[in-house]
Amino acid sequence: MPAKPLRVALAGFGTVGGGLVRVLQENQELIRQRIGRDIEVRKVLVRDVHKPRAVALPEGAVLTSNPDELADDPDIDVLVELMGGIDAPHALITRALERGKHVVTANKALLAENGIGLFQMAAEKGLSLRYEASVAGAIPIVETLKKSLAGNRIESLVGILNGTSNYILSAMSSEGLDFDTALKQAQELGYAEADPTLDIDGHDAAHKLVLLIRLAYGQEYPYTAMPIRGIRGMNRMDIEFAREFGYRIKLIAQAHVEDGRLAARVCPTLVHHTYLLARVGGSFNAVRVEGNAVGSLFLHGRGAGDLPTASAVMGDLLAVARGERPDNTGFVAQTPERAAILPPEEVRSRYYVRVMVHDTPGVLRDIAAAMADEGISMAQVIQKTGEREGVPLVFMTHEASARAMRNALSRAVKAGLLTTPAVAYPVL
Ligand code: NAP
Ligand code: HSE
């Protein structure tokens with residue numbers, strides 16, 4: 001007797017949902033060989049059942065816009081949530097778990113902002129709540145932290161976690177595209193969130209970092225406490241100046257432990273061109289993990305897009321189909337304790353700073369004095385020829401706290417030295 005198929009309800013039939021249906025169809029025989037049973041999509045939830053679809057509905061599947069038809073169907077084993085948003089998927093996943101269904105999701109916003117209760121409920125019911133696709137697309141970082149690196153004390157996590165931002169920065173840097181054109185391309189390629197401000201303002205990367213911190217440390221760094229800065233307003237001038245110093249600008253999400261406290265942030269950051277992270281281009285993502293036993297580990301792969309993301313969803317689905325024991329958080333406790341947080345103002349790094357100044361004698365001395373008054377010393381300086389908005393003065397500093405940098409720039413503003421707001425990015 002062949003084993004019973006795994007019966008799936010698919011919520012969301014957009015970029016990732018469509019990709020999942022394609023992979024399920026194309027790899028059907030391989031799936032049988034691997035798990036000895038079929039995976040059948042029985043219901044598909046969308047907002048608009050009349051919208052034309054790029055991918056055909058799986059054979060025998062019913063298209064609906066009523067979420068209850070998925071959660072309440074006793075013949076469904078697993079809900080795959082690929083809708084996006086927070087409230088609607090939260091309600092649907094809650095209902096599915098209540099009714100004893102496993103859940104697979106790619107929804108980092110939901111899990112980061114309102115996921116703890118879902119993990120508790122899944123644990124109480126002995127159900128899987130799997131989310132490999134929610135962080136860094138195709139890269140298997142969730143399982144890596146939960147399983148392969150489980151015996152390590154994780155010392156740091158540094159990643160490029162947003163494919164859209166990386167695509168935009170790469171296109172601006174190598175093809176000379178402007179920000180808006182590059183964003184439009186990322187949207188057309190299916191990389192961006194339905195609300196792309198989540199990508200370009202750094203929130204999507206921060207959601208993913210919150211999940212990685214839970215997996216690595218078993219601790220909660222609340223999303224609302226995370227310092228987040230995205231790439232909106234990135235000036236090509238800074239990409240070019242950074243290059244002159246030998247750096248690339250990347251949207252970096254990072255966390256490390258310092259004196260028993262967790263430091264974390266998402267911020268455009270200068271990465272030296274010799275680092276692997278500097279070479280991560282287009283929609284690719286990467287994560288560098290430092291563990292006390294493993295040393296440094298670097299994972300690289302496509303961070304967004306239909307098939308790469310579907311690949312991660314498939315891994316989770318096959319694990320459910322195999323009946324793998326739920327290990328949703330990677331820790332015995334399902335509720336992570338709140339992390340002791342190193343205040344963001346105290347986090348130290350080297351900085352790239354660009355200020356636009358009046359081309360007058362002594363201005364470099366005055367800027368240097370504003371920095372020196374906060375204990376910041378300059379390591380390298382370049383001064384460019386004048387522009388309409390003043391003369392760009394660009395420098396790299398030695399290590400300074402975020403507070404010292406903010407105070408120094410505010411001194412420069414108060415002294416009337418700047419013609420436009422300063423740009424300051426940390427250096428990795
Ligand atoms: P998408 O292309 O916008 O597709 C969303 C799908 O969900 C659409 O089919 C939409 O229906 C349906 N939907 C949305 N809200 C709904 C609601 N309230 N009720 C019923 N159906 C609803 O989104 P996506 O890019 O595939 O992303 C889906 C999820 O995967 C998101 O959580 C996203 O963050 C995550 N993710 C995406 C990527 C990526 O590369 N795109 C990568 C990793 C993770 P209609 O088609 O009728 O509008
Ligand atoms: N919008 C997300 C990104 C999709 O660009 O990385 C993958 O999570």
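Up top is the structure these notes are about.
Let me begin by describing the structure that accompanies this report. Note that the structure is a prediction, hence the values are computed from the model and not measured.

Side note on the site of ligand 2
Then comes step 1: Residues in close proximity to ligand 2 total 13 residues, the closest being Lys-108, Gly-163, Thr-164, Tyr-191 and Glu-193.
Then comes step 2: In this structure, Asn-162 approaches ligand 2 through a side-chain N or O atom, which is 3.4 Å from an oxygen atom.
Then comes step 3: When ligand 2 sits alone it has 260 Å² of accessible area, and the protein chains cover 94% of it.
Then comes step 4: Within the residue set of the shell around ligand 2, elements represented by two or more residues are helix H8 (163–174) and helix H11 (203–217).

Thoughts on the packing of aromatic side chains
Then comes step 1: Using the criterion set out here, one finds three aromatic pairs in the structure.
Then comes step 2: Where Phe-119 meets Tyr-131, the ring centres are 5.3 Å apart and the plane angle is 70°; that geometry is what we call edge-to-face. Separated by twelve residues along the polypeptide, Phe-119 in helix H6 (residues 116–125) and Tyr-131 in the loop between strand S6 (129–130) and helix H7 (141–148) bring together distant segments of the chain.
Then comes step 3: In this structure Tyr-131 comes out as buried when scored by relative accessible area, which is 4%.

Let's talk about the site of ligand 1
Then comes step 1: The environment of ligand 1 is made up of 24 residues, and the closest members are Val-16, Asp-48, Arg-53, Glu-193 and Gly-305.
Then comes step 2: In the model, an oxygen atom of ligand 1 is placed 2.9 Å from a nitrogen or oxygen of the Val-16 main chain.
Then comes step 3: Contacts to ligand 1 include Lys-51, whose side-chain N or O atom sits 2.9 Å from an oxygen atom.
Then comes step 4: Contact with the protein chains covers 87% of the free accessible surface of ligand 1, which is 890 Å².
Then comes step 5: Here the shell around ligand 1 is composed, by residue class, of ten nonpolar, eight polar and six charged.

Description of the nonpolar core
Then comes step 1: Grouped together as the largest cluster of nonpolar side chains are 81 residues, with contacts concentrated most on Ile-141, Leu-145 and Tyr-352.
Then comes step 2: Per element, the largest residue contribution to this core is ten residues, and it comes from H11.
Then comes step 3: Contact partners of Leu-145, with chain neighbours within four places excluded, come to Ala-150, Ile-154, Leu-157, Leu-212, Leu-215, Ala-216 and Val-289.
Then comes step 4: Counting residues in hydrophobic clusters, the runner-up holds 31 residues, among them Val-21, Ile-35, Val-44 and Ala-310.

Re H6
Then comes step 1: Along H6, the positions that sit buried rather than exposed are Leu-118, Phe-119, Met-121 and Ala-122. Within H6, the buried residues cover an arc of 165° as seen down the axis, which keeps them to one side.
Then comes step 2: At its buried positions, H6 is contacted by helix H4 (87–98), helix H5 (108–114), S6 and H11.
Then comes step 3: Immediately beyond the C-terminal end of H6, within one or two residues, lies Gly-126, with a positive phi of roughly 70°.

About the criteria used
Residues numbered from 1 in each chain as written. Chains lettered and ligands numbered in written order. Predicted model: local features only at pLDDT ≥ 70, side-chain atom pairs only at ≥ 80, totals over all residues. Heavy atoms only, no water. Near = heavy atom within 4 Å. Polar contact = N/O pair within 3.5 Å; in protein donor to acceptor, adjacent residues only side chain to side chain. Areas by Shrake-Rupley, 256 points an atom, 1.4 Å probe, with all protein chains shown as cover. Helix = DSSP H or I, 4+ residues; strand = E, 2+ residues; numbered from the N terminus. Phe/Tyr/Trp six-rings, centres within 6.5 Å; stacked < 30°, edge-to-face > 60°. Buried < 20%, exposed > 50% of the residue type's maximum accessible area, 1.4 Å probe, protein only. Nonpolar A, V, L, I, M, F, W, Y, C, P; charged D, E, K, R; others polar. Core = buried A, V, L, I, M, F, W, Y, C linked by side-chain atoms within 4.5 Å. Contact = heavy atoms within 4.5 Å. Arc of directions from axis to C-beta.

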